[in-house]
There are 2 protein chains.
Amino acid sequence: MKNRVTLKDLAKELKLSPSTISRAIGGHPAISDATKKRVKKKAEELGFTPNSIAASFRNKKTRSIGIIVPRIDIHFHSLVISGIEDFAYKNDYNVTIFQSKDSLKREKEITKILQTRMVDGIIGCLSIETENCDHFKKFNKLGVPLVFYDRVPTDFDANKIVINDFESAYTATKHLIKSGCKKIGHIAGSQKTSIFKARLEGYKAALKKYKIPLDESLIMYTKNLSYDEGVSSAKKYLNLPELPDGIFCANDYSAVSVIQVFRKANIKIPEQVAIVGFSNYPISRIIEPNLTTINDRAFQMGESSTKLLIRKIEDENDIIDSEIITLKTELIIRESSKLNA
Amino acid sequence: MKNRVTLKDLAKELKLSPSTISRAIGGHPAISDATKKRVKKKAEELGFTPNSIAASFRNKKTRSIGIIVPRIDIHFHSLVISGIEDFAYKNDYNVTIFQSKDSLKREKEITKILQTRMVDGIIGCLSIETENCDHFKKFNKLGVPLVFYDRVPTDFDANKIVINDFESAYTATKHLIKSGCKKIGHIAGSQKTSIFKARLEGYKAALKKYKIPLDESLIMYTKNLSYDEGVSSAKKYLNLPELPDGIFCANDYSAVSVIQVFRKANIKIPEQVAIVGFSNYPISRIIEPNLTTINDRAFQMGESSTKLLIRKIEDENDIIDSEIITLKTELIIRESSKLNA
DNA sequence: CTGAAAGCGCTTACAG
DNA sequence: CTGAAAGCGCTTACAG
């Protein structure tokens, strides 16, 4: 039963040539409707399924997209992947997925696997360890287009889908200022990562614009913006001579932990301290008070990456070397920062 | 630049036959070390990368696994996928992913795509709409092994990785009883889905075992166990003449919503009502009080599915028709049910 | 409207 | 230890 029916089998059965069968199945206009009907009927009858590997081999196209993400089980990435799969599916591409586990070594291994023609294009988010992107350069020579999202290379021109982290952070901080906060803290992510650097800069820029003096003691630097780091940052705030009246956190996890620590310390949110997060994780709608945050467009990032990638794959006359697409984010105001109401 | 170097090119360059090159690259024992060294050096020099599509075509093996999940962005599934990718990667398989979006129509389409030889085996979780699994039967004839996890077919014998939902629910309910609860409610999922049916049955069995009368008014039936359905179930409890003193919820979302609604109504958890969830979602460690729940082994489910699948793919003399593997779950006791302390 | 032929890049049984 | 040859299943330029 493992010997599948091929075009040749159909041809023999119908006393036609494999060429004709191939064209009939593919809906070629030169083939008569009568023949098409006969072929399709017989194909159904014999349980013919085309061998897409043979077709890929012959056509030098796999209609397959490779994804490299740090981890699938991080909600942000699973949303991006979902957007990628959705858009790819609609365009008859399929999606092969690899996790770098935030390891540069593994990321390099994956690029080696991917260069064996398995995929027509690649979407990637760099591992946290990646500073030098030389291992991605081979794809240029191989004619395999590449799109990066979120954590993108800074050392070479590449197609990138990003959000404006600086501006989003600026907007978030401005929102706190407009809500009446005068002493605003920031919980920052790793300053080795450009997006967290940009969020810190956006925060600083908003303070400057509205003439609020920058107070370094109100900025808590973390490594991974983890829930636990959020807890210890919150405790540090509690040990300050005076609390801030607003905190912009570079992600939702740290924001949630601050809310919980502060509430346990009987600090009223938002009345005493207003909190804003970043990413619009599901938990931001569940935590009490609900968290004001930035919608970072994860799903759309996946869609846009794929749209751009497919264009690069299919447009042979493309003379654009690289594109950077910046998506609009959105400030979602919820209870954790509702001071004016 | 797009014309890649092939074995033939290497052969010409080194005045050897393609056969020898192939064997040298593949590390065949018959080839002399000197030749191997020469070949590998030249391969490096010319930037040879093997064409894995050609190899797949020739070998009739793709070393690729297909996954069909309802949605990638549901945390449970993203964890399973992560386990699958991890195990597959270690065994030199790659993973192609499809979302059914809980649509039977799309699930059927995906099985059609998958039958074109793209993959050596398939791991799937049925869509919520799927009652009849005939569209998976073709893979038996094609010799493509299949493993299901979580939502598995009941209408035909298949390889399945599951947890013991009945027993887990029994354990959870028993825990409430042992903690002193005498009037225990249950928030149930769709009774069309076997796992939620089993959880309800496990709950009932525990009550029976410990001679607690079953009170149907304490069982809230939901469609999707969503957060919002949890909220309305909680409100229904509040409208009862007397509250239960413990509630076993068939997932964590509904449990979290119950905690929040009850706390707003000034009901003490766990003192007045103890709560147990199911799945050990990240939120269960963040909600206050922390949620007692069942670790459903999502990551391990992915690993085990893949391990079983690869065995089925590679073991040609396998005479086992189908296997069902049940993973042990774990009750994680947290504050929401700590009554004895 | 249909067919014969070539070839995509690999692997492997067979021969030496 | 190495090579010549065949073939995996498709597609398409060319011919009629």
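Just so you know, these numbers come straight off a predicted model, no measurement behind them.

1. Quick look at the relation of the copies chain A and chain B
Line of reasoning, step 1. After a rotation of 180 degrees and a shift along the axis of 0.0 Å, chain A superposes on chain B with an RMSD of 0.0 Å. The transformation just described matches what one would write down for a two-fold rotation axis. Proximity to the rotation axis, assessed at the C-alpha, singles out Thr96 of chain A in chain A; its C-alpha lies 2.1 Å from the axis.
Line of reasoning, step 2. Taken together, the interface assignments show that 100% of the residues at the interface of chain A recur at the interface of chain B, consistent with an identical surface on both copies.

2. Points about the protein's contact with DNA strand C
Line of reasoning, step 1. Taken together, 28 residues lie near DNA strand C, and Thr20 and Arg23 of chain A together with Leu7, Ser22 and Arg58 of chain B sit nearest.
Line of reasoning, step 2. Each atom of DNA strand C within 4 Å of the protein was assigned to sugar, phosphate or base; sugar and phosphate come to 60%.
Line of reasoning, step 3. Ser19 of chain A has a polar side-chain atom sitting 2.8 Å from a base nitrogen of DNA strand C.
Line of reasoning, step 4. In terms of residue class, the surface near DNA strand C is built from eleven nonpolar, ten polar and seven charged.

3. Considering helix 8 (residues 165–178) of chain B
Residue pairs three or four apart in sequence face the same way in an α-helix, which turns once every 3.6 residues.
Residue and element names in this part refer to chain B.
Line of reasoning, step 1. Look at helix 8: 20 Å from first C-alpha to last across 14 residues, which is about the 20 Å you get at 1.5 Å a residue.
Line of reasoning, step 2. Residues Asp165, Ser168, Ala169, Tyr170, Ala172, Thr173, His175, Leu176 and Ile177 constitute the buried set of helix 8.
Line of reasoning, step 3. Between the side-chain oxygen of the N-cap and the backbone nitrogen of Phe166 there are 3.3 Å, and the N-cap of helix 8 in question is Asn164.
Line of reasoning, step 4. Where helix 8 ends, the next residue or the one after it, Gly180, has phi of about 110 degrees, a positive value.

4. Points about a positive patch on the surface
Line of reasoning, step 1. A surface patch of like charges, here positive, comprises Lys174, Lys178, Lys209 and Lys211 of chain A.
Line of reasoning, step 2. Along the chain, Lys174 of chain A turns up in helix 8 (residues 165–178).

5. Examining the sheet that holds strand 7 (residues 219–221) of chain B
Residue and element names in this part refer to chain B.
Line of reasoning, step 1. Strand order in this open sheet of four strands is 7-6-8-9, and the pairing throughout is parallel. This sheet does not close on itself; its edge strands, each paired only once, are strand 7 and strand 9 (274–276). For this sheet the average axis-to-axis angle between neighbouring strands, irrespective of direction, equals 15 degrees.
Line of reasoning, step 2. Each of strand 6 (184–188), strand 8 (246–249) and strand 9 touches helix 8; the most contacted strand, strand 8, lies at about 165 degrees to it.

6. Regarding the interface of chain A and chain B
Line of reasoning, step 1. In this complex, chain A contributes 49 residues to the contact, which on the side of chain B involves 50 residues.
Line of reasoning, step 2. Summing the contributions of chain A and of chain B, the shared interface buries around 5000 Å²; its carbon and sulfur component is 56%.
Line of reasoning, step 3. When the buried surface of chain A facing chain B is broken down by residue, Arg4, Tyr89 and Arg117 of chain A rank first, second and third, together holding 15% of it.
Line of reasoning, step 4. Linking chain A with chain B are eight salt bridges, by the criterion used here.
Line of reasoning, step 5. In this structure, Lys101 of chain B engages Asp86 of chain A in a salt bridge whose closest nitrogen and oxygen atoms are separated by 2.5 Å.
Line of reasoning, step 6. On inspection of chain A and its partner chain B, the count reaches 24 residue pairs in polar contact (both at pLDDT 80 or more).

7. Here's the deal with the UniProt feature "domain: HTH lacI-type" (unreviewed entry) in chain A
Line of reasoning, step 1. Here, the residues flagged by UniProt with the feature "domain: HTH lacI-type" (unreviewed entry) are residues 5–59 of chain A.
Line of reasoning, step 2. For residues 5–59 of chain A, the end-to-end C-alpha separation is 20 Å, with 71% helix and 0% strand making up the annotated structure.

8. Here's the deal with the packing of helix 6 (residues 104–114) of chain A against helix 5 (residues 75–90) of chain B
Line of reasoning, step 1. Interaxial distance between helix 6 of chain A and helix 5 of chain B falls to 13 Å at its minimum, and their mutual angle equals 70 degrees. Looking at the two axes, helix 6 of chain A sits roughly perpendicular to helix 5 of chain B. Along the contact surface, helix 6 of chain A presents Arg106, Glu109, Ile110 and Ile113 of chain A, while helix 5 of chain B presents Glu85, Asp86 and Tyr89 of chain B.
Line of reasoning, step 2. Classifying every residue of the contact of helix 6 of chain A with helix 5 of chain B gives three nonpolar, no polar and four charged.

9. Section: helix 11 (residues 252–264) of chain B
Residues and elements named next belong to chain B.
Line of reasoning, step 1. Between the first and last C-alpha of helix 11 there are 18 Å, a value that for 13 residues agrees with the 18 Å anticipated at 1.5 Å per step.
Line of reasoning, step 2. Listed in full, the buried residues belonging to helix 11 are Asp252, Ser254, Ala255, Val256, Ser257, Val258, Ile259, Gln260, Val261 and Phe262.
Line of reasoning, step 3. The N-cap of helix 11, judged by a side-chain oxygen 3.5 Å from the amide nitrogen of Tyr253 a few residues on, is Asn251.
Line of reasoning, step 4. In the stretch just after helix 11, Asn266 is the one whose phi turns positive, near 60 degrees.

10. A look at the protein's contact with DNA strand D
Line of reasoning, step 1. Around DNA strand D lies a shell of 27 residues, among which Leu7, Ser22 and Arg58 of chain A together with Thr20 and Arg23 of chain B are the nearest.
Line of reasoning, step 2. Taking Arg23 of chain B, its side chain carries an N or O atom lying 2.7 Å from a base oxygen of DNA strand D.
Line of reasoning, step 3. Elements with a minimum of two residues in the surface near DNA strand D: helix 2 (18–26) and helix 4 (52–59) of chain A together with helix 2 (18–26) and helix 4 (52–59) of chain B.
Line of reasoning, step 4. By residue number, the principal contributor to the surface near DNA strand D is helix 4 of chain A, which donates five residues.
Line of reasoning, step 5. Within the surface near DNA strand D, the residues separate by chemical class into eleven nonpolar, ten polar and six charged.

11. Considering the pattern of salt bridges
Line of reasoning, step 1. All told, the structure shown has 34 salt bridges over all chains when counted by the stated rule.
Line of reasoning, step 2. A salt bridge links Glu314 of chain A to Arg63 of chain A, with the nearest nitrogen and oxygen atoms 3.7 Å apart. With Glu314 of chain A in helix 13 (residues 298–314) and Arg63 of chain A in the loop between helix 4 and strand 1 (64–69), this residue pair connects regions lying 251 residues apart in the sequence.
Line of reasoning, step 3. Ionic pairing is found between Asp73 of chain B and Arg71 of chain B, a salt bridge with its closest N-O pair at 3.6 Å.
Line of reasoning, step 4. Taking the relative accessible area as the measure of exposure, Arg71 of chain B reaches 30% and is therefore partly exposed.
Line of reasoning, step 5. Overlapping salt bridges, with partners in common, bring together Glu85, Asp86 and Lys90 of chain A together with Lys101 and Arg106 of chain B in one network.

Cut-off values and rules
Residues numbered from 1 in each chain as written. Chains lettered and ligands numbered in written order. Predicted model: local features only at pLDDT ≥ 70, side-chain atom pairs only at ≥ 80, totals over all residues. Heavy atoms only, no water. Least-squares fit on C-alpha atoms with pLDDT ≥ 70 in both. Contact = heavy atoms within 4.5 Å. Near = heavy atom within 4 Å. Polar contact = N/O pair within 3.5 Å; in protein donor to acceptor, adjacent residues only side chain to side chain. Nonpolar A, V, L, I, M, F, W, Y, C, P; charged D, E, K, R; others polar. Helix = DSSP H or I, 4+ residues; strand = E, 2+ residues; numbered from the N terminus. Expected span 1.5 Å × (residues − 1). Buried < 20%, exposed > 50% of the residue type's maximum accessible area, 1.4 Å probe, protein only. Patch = residues over 30% accessible without salt bridge, like charges linked within 9 Å, V, L, I, M, F, W, Y side chains within 5 Å. Areas by Shrake-Rupley, 256 points an atom, 1.4 Å probe, with all protein chains shown as cover. Salt bridge = Lys/Arg side-chain N within 4 Å of Asp/Glu carboxyl O. Lys, Arg positive; Asp, Glu negative; His and termini not counted. Charge placed at Lys NZ, Arg CZ, Asp CG, Glu CD. Pairing = 2+ DSSP bridges. Axes fitted to C-alpha atoms, helices over the stretch in contact; angles between N-to-C directions. Buried area = accessible area lost by both parts, 1.4 Å probe. UniProt positions renumbered as here; feature names shortened; annotations may be inferred. Parallel < 35°, antiparallel > 145°, perpendicular 65-115°, else oblique.

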